[in-house]
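Each chain, written out:
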Amino acid sequence: MSVSTDAATQTICAPLPVLGRDVTVPLVTGGEVGYAALDYAASAPALQRVWDDVAAYAPYYGSVHRGAGYLSQLSTDLFENARRTVTEFLDCRADDQLVFTRSTTDSLNLLAAALPADCQVFVFETEHHASLLPWKDARVTYLDAPRTPRQAVATLESALAGRDPHGPALVCVTGASNVTGELWPVRELAAAAHAHGARIVLDAAQLAPHHPVSVRDLDVDWVAFSGHKLYAPFGSGVLAGRADWLRAAEPYLAGGGASRKVTRRQDGGVDVEWHESAARHEAGSPNVIGAYSIASACKALAEAGFDTLVAREQHLVEKVRTGLADVPEVRILSLFGDDAPRVGVISFVVEGWNSSHFAAALSAEYGIGVRDGLFCAHPLVRTLLGSDPQSQGECGAPEAAPGEKSLNAIRVSFGAGTPDEHVDRFVAAVRELVTEGATWTYRTEDGRCVPAV
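**Quick word on the overall build of the protein chain**
Part 1 of the argument: Across its full length, the protein chain holds 13 helices and 19 strands.
Part 2 of the argument: Scaling as 2.2 N^0.38, a compact globule of 453 residues should have a C-alpha radius of gyration of about 22 Å, and the protein chain matches this with 23 Å.
Part 3 of the argument: With respect to the three principal axes, the spread of C-alpha positions in the protein chain is 75 × 60 × 45 Å.
Part 4 of the argument: Residues classed as buried in the protein chain amount to 55% of the 453 residues present.
Part 5 of the argument: The contacts in the protein chain between residues at least 6 apart in sequence include a share of 72% that link residues at least 24 apart.
Part 6 of the argument: Working note: accessible area of the protein chain is about 18,700 Å², and carbon and sulfur atoms make up 51% of it.
Part 7 of the argument: Counting 37 positive and 55 negative side-chain charges, the protein chain places the averaged centre of each group 5 Å from the other.

**Quick look at the pattern of salt bridges**
Part 1 of the argument: Under the criterion given, the structure shown has 23 salt bridges.
Part 2 of the argument: Between R49 and D53 there is a salt bridge whose closest N-O contact spans 3.2 Å. Here the residue R49 and the residue D53 both occupy positions in helix 1 (residues 48–57), the gap between them amounting to 4 residues, near one helical turn. With respect to burial, R49 and D53 carry one shared label: buried.
Part 3 of the argument: Here the residues in one salt-bridge network are R312, K319, D420 and D424, joined through shared partners.

**Quick notes on the sheet that holds strand 16 (residues 371–373)**
Part 1 of the argument: In spatial order, the strands read 13-14-17-16; together these 4 strands make up an open sheet with antiparallel pairing. A single partner strand is all that each edge strand has here, and the edge strands are strand 13 (330–332) and strand 16. Within this sheet the neighbouring strands show an average axis-to-axis angle of 30 degrees, counted without direction.
Part 2 of the argument: With 4 bridges joining them, strand 14 (residues 345–350) and strand 17 (residues 409–413) adopt antiparallel strand pairing. Within the sheet, the bridge partner assigned to V345 lies in strand 17 and is S413.

**Details of the packing of helix 11 (residues 355–366) against helix 13 (residues 420–436)**
Part 1 of the argument: Put simply, helix 11 and helix 13 touch, their axes get as near as 11 Å, and they point 115 degrees apart. Judged by the angle between their axes, helix 11 and helix 13 are roughly perpendicular. Crossing hand, helix 11 versus helix 13: right-handed. Packed against helix 11, whose contacting residues are F358, A361, L362, E365 and Y366, the element helix 13 presents R425, F426, A429, V430, E432, L433 and V434 at the interface.

**Some details on the sheet that holds strand 5 (residues 120–124)**
Part 1 of the argument: Read from one edge to the other, the open sheet built from 7 strands follows the order 4-10-9-8-7-5-6, with strand pairing classed as mixed. Both outer strands of the open sheet, strand 4 (97–101) and strand 6 (139–143), are each paired with one neighbouring strand and no more. On average, each strand axis in the sheet is tilted by 20 degrees relative to the strand beside it, whichever way the strands run.
Part 2 of the argument: By the bridge criterion, 3 bridges tie strand 8 (residues 199–203) to strand 9 (residues 222–226) in an arrangement that is parallel. Its bridge partner lying in strand 9, L202 is registered against V223.
Part 3 of the argument: Together, strand 4, strand 7 (169–174), strand 8, strand 9 and strand 10 (237–241) form the strand contacts of helix 3 (residues 104–113), whose direction differs from that of strand 9 by roughly 150 degrees.
Part 4 of the argument: The sheet contacts of helix 5 (residues 149–161) involve strand 5, strand 6 and strand 7, and relative to strand 5 the element is tilted by about 160 degrees.

**Let's talk about helix 10 (residues 306–325)**
Part 1 of the argument: Helix length check: helix 10, at 20 residues, gives a terminal C-alpha distance of 28 Å against a target of 28 Å (1.5 Å per residue), a fit within 8%.
Part 2 of the argument: Of the positions making up helix 10, those classed as buried are F306, L309, V310, R312, E313, L316, V317, V320, R321, G323 and L324.
Part 3 of the argument: If you follow the buried residues of helix 10, they end up packed against helix 2 (70–89), helix 9 (288–304), strand 13, strand 14, strand 17 and helix 13.

**Re the nonpolar core**
Part 1 of the argument: Core analysis: the biggest nonpolar cluster contains 86 residues, and V86, L90, L156, L202, V213, F225 and V238 have the highest contact counts within it.
Part 2 of the argument: With 10 residues, helix 9 is the largest single contributor of residues to this core.
Part 3 of the argument: In this structure, V330, F414, V430 and Y442 belong to the second largest nonpolar core, which totals 33 residues.

**Comments concerning the layout of surface pockets**
Part 1 of the argument: What the largest pocket holds in volume is close to 420 Å³.
Part 2 of the argument: Around the largest pocket, the lining is made up of 30 residues, and of these H128, N178, K229, F375 and C376 lie nearest the centre.
Part 3 of the argument: Of all the elements in the fold, those that place two or more residues in the lining of the largest pocket are helix 3, strand 16 and helix 12 (378–385).
Part 4 of the argument: A per-class count over the lining of the largest pocket returns 10 nonpolar, 12 polar and 8 charged.

**Topic: a nonpolar patch on the surface**
Part 1 of the argument: Residues V262, V270 and V272 make up a contiguous nonpolar surface patch of roughly 220 Å² in combined accessible area.
Part 2 of the argument: Mapped onto the elements of the fold, V270 is located in strand 12 (residues 270–274).

**Here we look at the state of the cysteines**
Part 1 of the argument: Inspection of the entire model under this criterion finds 0 disulfides.
Part 2 of the argument: Residue C92 stays outside any disulfide, its sulfur separated by 10 Å from that of C298, the closest cysteine.
Part 3 of the argument: Note on C92: relative accessible area 7%, which makes it buried.
Part 4 of the argument: No disulfide involves C376; its nearest neighbouring cysteine sulfur is the one of C172, lying 15 Å away.

**Comments concerning the packing of helix 2 against helix 9**
Part 1 of the argument: Running from amino to carboxyl end, helix 2 crosses helix 9 at an angle of 40 degrees, the nearest separation of the two axes being 8 Å. The orientation of helix 2 with respect to helix 9, classified from their angle, is oblique. As helix 2 runs across helix 9, the sense of the crossing is left-handed. Of the residues in helix 9, those in contact with S75, L78, F79, A82, T85, V86 and F89 of helix 2 are V288, A291, Y292, I294, A295, C298, K299 and L301.
Part 2 of the argument: Per-class residue counts for the contact of helix 2 with helix 9 are 12 nonpolar, 2 polar and 1 charged.

Criteria and cut-off values
- Residues numbered from 1 in each chain as written.
- Predicted model: local features only at pLDDT ≥ 70, side-chain atom pairs only at ≥ 80, totals over all residues.
- Heavy atoms only, no water.
- Helix = DSSP H or I, 4+ residues; strand = E, 2+ residues; numbered from the N terminus.
- Rg over C-alpha atoms; globule rule 2.2 N^0.38 Å.
- Buried < 20%, exposed > 50% of the residue type's maximum accessible area, 1.4 Å probe, protein only.
- Contact = heavy atoms within 4.5 Å.
- Areas by Shrake-Rupley, 256 points an atom, 1.4 Å probe, with all protein chains shown as cover.
- Lys, Arg positive; Asp, Glu negative; His and termini not counted.
- Charge placed at Lys NZ, Arg CZ, Asp CG, Glu CD.
- Salt bridge = Lys/Arg side-chain N within 4 Å of Asp/Glu carboxyl O.
- Pairing = 2+ DSSP bridges.
- Axes fitted to C-alpha atoms, helices over the stretch in contact; angles between N-to-C directions.
- Parallel < 35°, antiparallel > 145°, perpendicular 65-115°, else oblique.
- Left-handed = near helix turned anticlockwise from the far one by under 90°.
- Expected span 1.5 Å × (residues − 1).
- Core = buried A, V, L, I, M, F, W, Y, C linked by side-chain atoms within 4.5 Å.
- 1 Å grid on protein atoms, 1.4 Å probe; cavity = no way out; pocket = protein on both sides within 12 Å on 5 of 7 lines; lining within 4 Å.
- Points joined across faces, edges and corners; volume = space filled by probe spheres on them.
- Nonpolar A, V, L, I, M, F, W, Y, C, P; charged D, E, K, R; others polar.
- Patch = residues over 30% accessible without salt bridge, like charges linked within 9 Å, V, L, I, M, F, W, Y side chains within 5 Å.
- Disulfide = S-S within 2.5 Å.

The values are spatial; any link to function lies outside them.
Written as structure tokens, this is what we have:
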């Protein structure tokens, strides 16, 4: 049996078919409605193509690497072919290395563990916590939130100009904000980093599902992303880029697969020779299904064509932004302004509403799933909200301590699997909630706003 990532070949149309598109959910007001999943920025639904490919492979699942049996050899080929597929999807350089990890967070923590001694790290306060927090063992400079792409480049150039020019340095930057959806000037930031002798890693968690990501074209040194945001929710992620720092570092995890040779010493200890390939940081049994699902998603997106996907997503973005702009009580959050290019991620607040209360009402009364809170980007959201007052309403924000001002926002996000009807229903629900109020009462339970029963 041969397993192909083309197992679900079909005419690709927009939106791409995803699991859950026929799920119905109960409403507190009675009856059921088709669920509108508008929280893609947290986890996107699995593409039907990915699910079908995994299901076709599942009976042939076996151990990866070193197994003599047919299923082990098949699974090993599948795993390594997946690595090649994702490498091509990212347009990596010939000598780049691609490591399969658990997520973007895991990828960036791996890179943090591989930093050379005395490395300086430069990161904007606007980053997701996955790229803001891993650098605890380095000398970190946190950069203030820029208000234009040009200011972002200027801020970085100024910071790099004052660094120690003889030591290693790394810049970490997002490709698309998980809060505002705005695209960052990655190519210009990479040029600034390299001009000052620094390297750059791109957090592409929110970029890769929406736009093509070319390591060569963007001229980044590494790129990291998660499968579960790329329509492949099977517990795998990717770190791809320069091999030298990864080869020189101690293995991220010590164990089988990372070791090439282990021998006992006469003093009773052991000597270990580690692999220099990606296996050095892939100890343990690899997540072959996770890797295969990412490769399947990469193929599906490439075959659909990013030009088509981007154009349709921008149609949805304009629908949402235009609809929200017609509601005076709504304020959309933005760093770079209304005209900034962005992916399908939009955060906003509603005057007179606590955001957790508003999101709970969207779910319970309309069957619409969005996100509320600070989105694992606390400094950025707090900067965007500033001192804007938010009423506690009937429910407090999950992150707000007793007596603390409630600072949180609502995020709607969508992508290749989102039908027009979902965003139309969302806009109509926002307008109705603002003008007529919630029809149900809500309370706080375990830090979450839920319908009162």
